[in-house]
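Listed here are the chains, written in short residue letters.
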Amino acid sequence: MAEDLIVTRTLVVPAAELSERFSRSSGPGGQGVNTADSRVELSFDLGASAAVPDWLRRRMLGRLGTRLVAGVLTVAASEHRAQLQNRAAARERMARLLREAAAAPPPVRRATKPTRGSQERRIAEKKRRAQTKQGRRGGGWD
């Protein structure tokens, strides 16, 4: 599965910049649980990648700051029994993380004042609600 990782239409991580490491996985595995290296760790050096433009790298490093170790993003997958399925899961997880980190920031909200009509409707509704609650108050019947 040595192929490029497609993150978005414009961002593709070359296979040469990805590194995989395999180890024994905990969990189900039957007879081969102690012999099969089915756990996958997929690593990508975001800080030194030539595939990511500088402006995008700064954004991604800022958003993924807590997940990076020396500029390297690492994703582990061990939920499947087969190594091939774990490799696919790790690649999908890596692509999703990079896609979310590369996404454009949301537009800045412009503060607006409520309209006069909306303010009047709000006050009228508050008064109606107060009348309803006042009607529920029991007059002390002695």
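The structure we're discussing is the one just above.
Residues numbered from 1 in each chain as written. Predicted model: local features only at pLDDT ≥ 70, side-chain atom pairs only at ≥ 80, totals over all residues. Heavy atoms only, no water.

1. Description of the sheet that holds strand β6 (residues 72–77)
Next, step 1: Reading across the sheet, the four strands line up as β3-β4-β6-β5 and stay open at both edges, with antiparallel pairing between neighbours. Strand pairing shows two members of the sheet lacking a second neighbour, β3 (18–23) and β5 (68–69), which therefore form its edges.
Next, step 2: Two elements, β3 and strand β4 (residues 39–45), share six bridges in a ladder whose sense is antiparallel. Bridge pairing links E20 to L42 in β4. (Pairing = 2+ DSSP bridges. Helix = DSSP H or I, 4+ residues; strand = E, 2+ residues; numbered from the N terminus.)

2. Notes on helix α1 (residues 54–63)
Next, step 1: Every buried residue of α1 is listed here: L56, R57 and M60. Buried residues in α1, looked at end-on, bunch into an arc of 100°, giving them a common side. Residues of α1 that are exposed and point over 90 degrees away from its buried face: D54, W55, R58 and G62.
Next, step 2: For α1, the elements touching its buried residues are α2 (83–102). (Buried < 20%, exposed > 50% of the residue type's maximum accessible area, 1.4 Å probe, protein only. Arc of directions from axis to C-beta. Contact = heavy atoms within 4.5 Å.)

3. Some details on the nonpolar core
Generally speaking, soluble globular proteins have nonpolar side chains that are buried together.
Next, step 1: If you look at the biggest cluster of nonpolar residues, it comprises 25 residues, and the most contacted ones within it are F44, M60, M94 and L98.
Next, step 2: For this core, the element with the most residues is α2, which contributes eight residues.
Next, step 3: For M60, the residues in contact, after removing those within four places along its chain, are L11, L46, V52, L98, A101 and A102. (Core = buried A, V, L, I, M, F, W, Y, C linked by side-chain atoms within 4.5 Å.)

4. Details of the pairing of β6
Next, step 1: Alternating residues of β6 divide into L73, V75 and A77, all buried, and V72, T74 and A76, none buried.
Next, step 2: Across two bridges, β5 lies against β6 in antiparallel orientation. Bridge pairing in β6 places V69 opposite V72.

5. Some thoughts on the pattern of salt bridges
Next, step 1: Per the stated rule, a full pass over the model turns up seven salt bridges.
Next, step 2: Where R57 meets D54, a salt bridge forms, and the shortest distance between an N and an O atom there is 2.6 Å. With R57 and D54 both in helix α1 and three residues apart, the pair spans about one turn of that helix.
Next, step 3: Members of the salt-bridge network, linked through shared partners, are R21, R39 and E41. (Salt bridge = Lys/Arg side-chain N within 4 Å of Asp/Glu carboxyl O.)

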